[in-house]
Structure formats: C-alpha cells, structure tokens
Amino acid sequence: MFDIIGKKRWFFLISLIVTIPGLFFILLTPLTGGKEGLQFTIDYTGGTTWQIRFADPNVNADAVASVFRANGLQAVVVRQGNGFMDIKTEAIGLLEAVPSATPIPTLSARPSASAGASGSPAASSPAASPSPAASVAGPSGSPGASVAASPSPSPSPSPSPAPSAAPSASAAASPGGSAAPSASPSLATGNTQLPTDGKGGLMVKALQAAFGPIAEQASLTTIGPVVSADLINQALVLILVGSLGILLWITYRFQDVKFGVTALVALVHDVIVVVGIFAMLGTIFRIEVDALFVTAMLTVIGFSVHDTIVVFDRIRENRARHAGEPFPEIVNHSILQTFARSIMTSFTVVLTLLSLYLFGGEAIRNFVLALLIGIISGTYSSIFNASPLLVVWHEWEDRRLGRAGASRTPRTRRAAS
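Residues numbered from 1 in each chain as written. Predicted model: local features only at pLDDT ≥ 70, side-chain atom pairs only at ≥ 80, totals over all residues. Heavy atoms only, no water.

Peer 1: Can you walk me through the overall build of the protein in this structure?
Peer 2: For the protein, the count of helices and strands is 14 helices and six strands. Considering the protein as a whole, with its 417 residues, one finds that 36% of them fall into the buried category. Sequence-distant contacts in the protein: of pairs separated by 6 or more residues, those separated by 24 or more amount to 74%. Counting every atom, the protein has about 23,100 Å² of accessible surface; 66% of that belongs to carbon and sulfur. (Helix = DSSP H or I, 4+ residues; strand = E, 2+ residues; numbered from the N terminus. Buried < 20%, exposed > 50% of the residue type's maximum accessible area, 1.4 Å probe, protein only. Contact = heavy atoms within 4.5 Å. Areas by Shrake-Rupley, 256 points an atom, 1.4 Å probe, with all protein chains shown as cover.)

Peer 1: It is not clear to me how the pattern of salt bridges should be interpreted in this structure. Could you clarify?
Peer 2: Charged atoms that come close allow side chains of opposite charge to pair. Inspection of every chain in the model, using the stated rule, returns eight salt bridges. Linking R341 and D307 is a salt bridge whose minimum nitrogen-to-oxygen distance equals 3.3 Å. With R341 in helix α12 (residues 327–359) and D307 in helix α11 (residues 291–321), this pair connects stretches of sequence that are 34 residues apart. Judged by its relative accessible area of 33%, R341 falls in the partly exposed class. Assessed through its relative accessible area of 2%, D307 is described here as buried. Across the pair D313 and R316 runs a salt bridge, and its minimum N-O distance is 2.5 Å. Placement of both D313 and R316 in helix α11 is noted, with a separation of three residues, approximately one turn of the helix. Salt bridges linked by common partners bring D256, K258 and E397 together as one network. (Salt bridge = Lys/Arg side-chain N within 4 Å of Asp/Glu carboxyl O.)

Peer 1: Could you clarify how one ought to interpret helix α10 (residues 257–285) in this entry?
Peer 2: Here α10 spans 41 Å end to end across 29 residues, near enough to the 42 Å set by a 1.5 Å rise per residue. After α10 finishes, the residue R286 shows a positive phi value of roughly 60°. (Expected span 1.5 Å × (residues − 1).)

Peer 1: Even after reading the chapter, I still don't get unusual backbone geometry, so can you show me in this structure?
Peer 2: Note: most peptide bonds trans; most residues except glycine with negative phi. The phi angle at Q255 is positive, at roughly 55°, despite the residue not being glycine. Take Q255: it is sitting in the loop between α9 (225–254) and α10. Q255 sits in the exposed class, given a relative accessible area of 63%. Unlike most non-glycine residues, R286 shows phi in positive territory, near 60°.

Peer 1: What is the right way to read the nonpolar core from this model?
Peer 2: If you look at soluble globular proteins, the nonpolar side chains tend to sit buried side by side. Formed by 26 residues in total, the largest nonpolar core has its most connected members in V274, F278 and F293. Taken together, the elements giving at least two residues each to this core come down to α1 (8–31), α10, α11, α12 and α13 (365–404). Considering every element that reaches this core, the biggest residue donor is α13, with eight residues. Apart from residues lying up to four places away in sequence, F293 is in contact with V274, V275, F278 and A370. Grouped together as the second largest cluster of nonpolar side chains are 24 residues, F11, V305, V311 and F327 included. (Core = buried A, V, L, I, M, F, W, Y, C linked by side-chain atoms within 4.5 Å.)

Peer 1: Can you walk me through the sheet that holds strand β3 (residues 75–79) in this structure?
Peer 2: For sheets, the rule is that strands pair by backbone hydrogen bonds, running either parallel or antiparallel. Sheet architecture is open: four strands sit in the order β3-β4-β2-β5, paired in antiparallel fashion. Edge positions in the sheet fall to β3 and β5 (214–223), since each of these pairs with one other strand and no more. On average, each strand axis in the sheet is inclined to that of its neighbour by 15°, with strand direction left out of account. The sheet contacts of helix α8 (residues 198–211) involve β2 (47–54) and β5, and relative to β2 the element is tilted by about 30°. (Pairing = 2+ DSSP bridges. Axes fitted to C-alpha atoms, helices over the stretch in contact; angles between N-to-C directions.)

Peer 1: Sorry, what's going on with the packing of α10 against α11 here?
Peer 2: Helices that pack against each other are described as a pair by the angle of their axes relative to one another and the distance between those axes. At a minimum axis separation of 9 Å, α10 and α11 run at an interaxial angle of 145°. Considering the relative orientation of α10 and α11, their crossing is right-handed. Across the interface between the two elements, F259, T262, A263, L267, D270, V271, V274, V275 and F278 from α10 touch F293, M297, V300, I301, S304, V305, T308, F312 and R319 from α11. Of the residues belonging to the contact of α10 with α11, the class tally is 13 nonpolar, three polar and two charged. (Left-handed = near helix turned anticlockwise from the far one by under 90°. Nonpolar A, V, L, I, M, F, W, Y, C, P; charged D, E, K, R; others polar.)

Peer 1: Hey, could you run me through the pairing of β2 in this one?
Peer 2: Looking along a regular strand, one sees the side chains alternate between the two faces of the sheet. The pairing of β2 with β5 spans eight bridges and is antiparallel. Along β5, the bridge assignment pairs W50 with L220. Pairing geometry for β2 and strand β4 (residues 85–89), over five bridges, is antiparallel. Bridging across to β4, T49 finds its partner in K88.

Peer 1: Teacher, can you tell me more about the packing of α11 against α12 here?
Peer 2: Here α11 crosses α12 at 145°, and the two axes come no closer than 8 Å. Crossing handedness for the pair α11 and α12: right-handed. Residues F303, H306, D307, V310, V311, R314, I315, N318 and R319 of α11 lie in contact with α12, whose contacting residues are F327, I330, V331, H333, S334, I335, Q337, T338, R341, S342, S346 and V349. For the contact of α11 with α12, a count of residues per class yields nine nonpolar, eight polar and four charged.

Peer 1: What am I meant to see in the packing of aromatic side chains here?
Peer 2: For any pair of aromatic rings, geometry is given as the distance between the ring centres together with the angle between the planes. Counted according to the given criterion, the structure contains eleven aromatic pairs. Centre to centre, the rings of W50 and F68 are 6.4 Å apart; their planes meet at 85°, and the pair counts as edge-to-face. With W50 in strand β2 and F68 in helix α3 (residues 61–70), this residue pair connects regions lying 18 residues apart in the sequence. Each member of the pair, W50 as well as F68, is classed as buried. A connected cluster of aromatic rings, assembled from ring pairs, spans F11, Y380 and F384. Above the plane of the ring of F84 lies R53, whose end atom (NZ or CZ) is 5.8 Å from the centre. Its end group placed over the ring of Y357, R365 keeps NZ or CZ at 5.4 Å from the ring centre. (Phe/Tyr/Trp six-rings, centres within 6.5 Å; stacked < 30°, edge-to-face > 60°. Lys NZ or Arg CZ within 6 Å of the ring centre and 35° of its normal.)

Spelled out as structure tokens, the structure:
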C-alpha cells in the first residue's frame, strides 16, 4: 500500500517549490508599478487599449511608444505577429462637443426664391435664416413653408426649387445653433473608425506624421477609473465571501474546525499557484489578467473544494468504521480509496479544457488556461495537501493533549487498581 501520509513532507516541498516563485512574481507587481508581474487589462486599471496596423510593416513598437511619451502619455506597445500594434495607455477620449452661442441673424447674400417670384424683400429679412421648417418646405407652397420663408402674406406658391438647397443649411447648424455631435466616433470595443477629435485625434496625427498612414484599426476601447475600481472591489468581495462561506460550511458539515481550515489552506494554495503562474506569464509573455480571470478563480475554488470534500467525507466514514486505528492510517486508507475517482474526474476535465485551449479561439484562451492550471493544482492539493495537513494538525493536537494529561494518567491507574 502506497504511504501518502508518510511522504507528506515531500509533497509539502513540491508545493513550496511551485508557490514561492509565484509569490515572488506576484510581489513584483506593486514593487515595479505594474511593469513586471501581473499584467492587468484596462478592466481593472482603466485606460485605453488601441489596436492599429500601419501601412509600413517595419514600424517599431519602441518607436511608437516614444511618440506617445513625446505627447505626454505613457504607453505599453506590443507588436503582434499579424502586424497589429497593441497599445495600452491612459484613457484618451474625444473632446466633448461644446455648444456654441446662439448665432446672430445675418443678412443672406443668396437671393430668396420668393423674392425672385413675388418681388418681396424676404431675402434681406432676418426671418429668412435657415430653420427646420424651411428645410422641409417643398415646392407645393404649404402655409407653414411660406410663413417660415418670408413675412409676406402673399399666398402665391414659389415655383423656384430654392428650398431644395435648404437642407445643407440645416445640416450645418442645428436648431440650437450647436454642431451635431454624431460626427464624432465613439470609443467602444470593436470601433474601427480612427478618432478625429480630442487626444485620440491628436495621437492619430502624430503617429501618421511619424510613421505614415494607419492602414487599419482593429479596436479602440476606453474604460474610466471608476468602472475599473468597481470591478476590483467586486472581484475581491466575490473571492473573500466565497472562501469564508466554504470555511463555515465545511466546519459545520464535519463538526470540526480542522476540516474547514485545512480545506481553506488548500484553496489558498490553488489561488497562489494560478495567480503566480499568470504573474510569471505576464512578466515573460505579457499575458494579461482580465475580467474572466475572476470567473476562472471561482470555478477553481469550487472544484478544489468539491474534490477535498470527497476525501474528507471518506475520512469521516472510515474514522467511525475503524475506530481505534491510528488517525494517519485512516487518512491514508481514505485517500487511496478515493484516489482513482479524483484522478479520473480531473483527467476528464483536463481533456475538455485542452480541447478548448487548442481550438476554442483567442478570446477564451487565457480563461481556459487559468482553469487548466487551477484544476490540476486543485486535484493535487486535495490529495497531497489538505488531508496530510489534517494529519499534521491532529498529531500536534494529540501531543499537546498528551502532555497536558500526563499527570492524570497515574492517578487514573491508581483509582482503577
């Protein structure tokens, strides 16, 4: 029979070898200001991500970053294999349209149609300024159109096609006198129209002046700091509440706080492994942590707890069935009884995740990678960490109680004799 509990120190050493480098790279994130360690998307940091491709395929990513610095923006630029530049910088938006003052009516230099037909001085009247009513006036000479075009009470319809030119005036000025804001491109995911206004428009001009025309824009996304702060708070609350709920439930279910705490330690191990590996990948390959990463972590936590509960439940059954046997032997026997079930279940999930990772597309690749790492780590921690930790705690408690009851043992024997 394989003695897992007897080799528990080796399994703890393997966990330390995996988690300590991960913790080091996690700590690099605040120490380097986000340049190394975990690389967060703008979902959590706020800012703008911009994917563009220049007509010149030889444009250097460092040169693009230097143009941003020259314009007062810090940017991280990565060149992809398809020629696109992935640019991550602070939020650059469009200038909001500022309503102008109400225009002062001026004399029109263009002769009015009604003036050419009836000889009335409507062309020099201020009432002939462009208006929506005039723009829709047709040659039928409706009463509304004749009043808007001229104060003359002449009922004669105007035969001139001059009203057909009025829509150009109404397009140039809205009824309130301000420019129509619909001409400005919006900063939204998947936007393929280059910005023309605000800081974005200035950066387009600067980049094109330095490297030539921009051939294509894949996306332009801006997220403000308020939204990113809300997402961070929600992610932390989800993980903390989920972990606390798991601790309370397992403690209540097994009527022993040792089961709940050791299961929670195994969860922390899995979280550190996944986050640490992503910190390494972020430092080396610039892989970013997005909003789906939190979903993956919650899924990993649930899977790891489920596997741990299966082993703990078998320990409870064998503890009642084999009362009097040493606790380490009971735990070791319980692990071996559930070993095949745990491995086969995890192996089935890993095969599915591998298929998704290889053929599921780029959009969910990091999400699937986090699940893949977490499932493997959760299976390992449920078998080789949670249950051995339970044995360590139980043996420590027995030694403590044994030392406390040493003086009572002879007295009990004398009373028995």
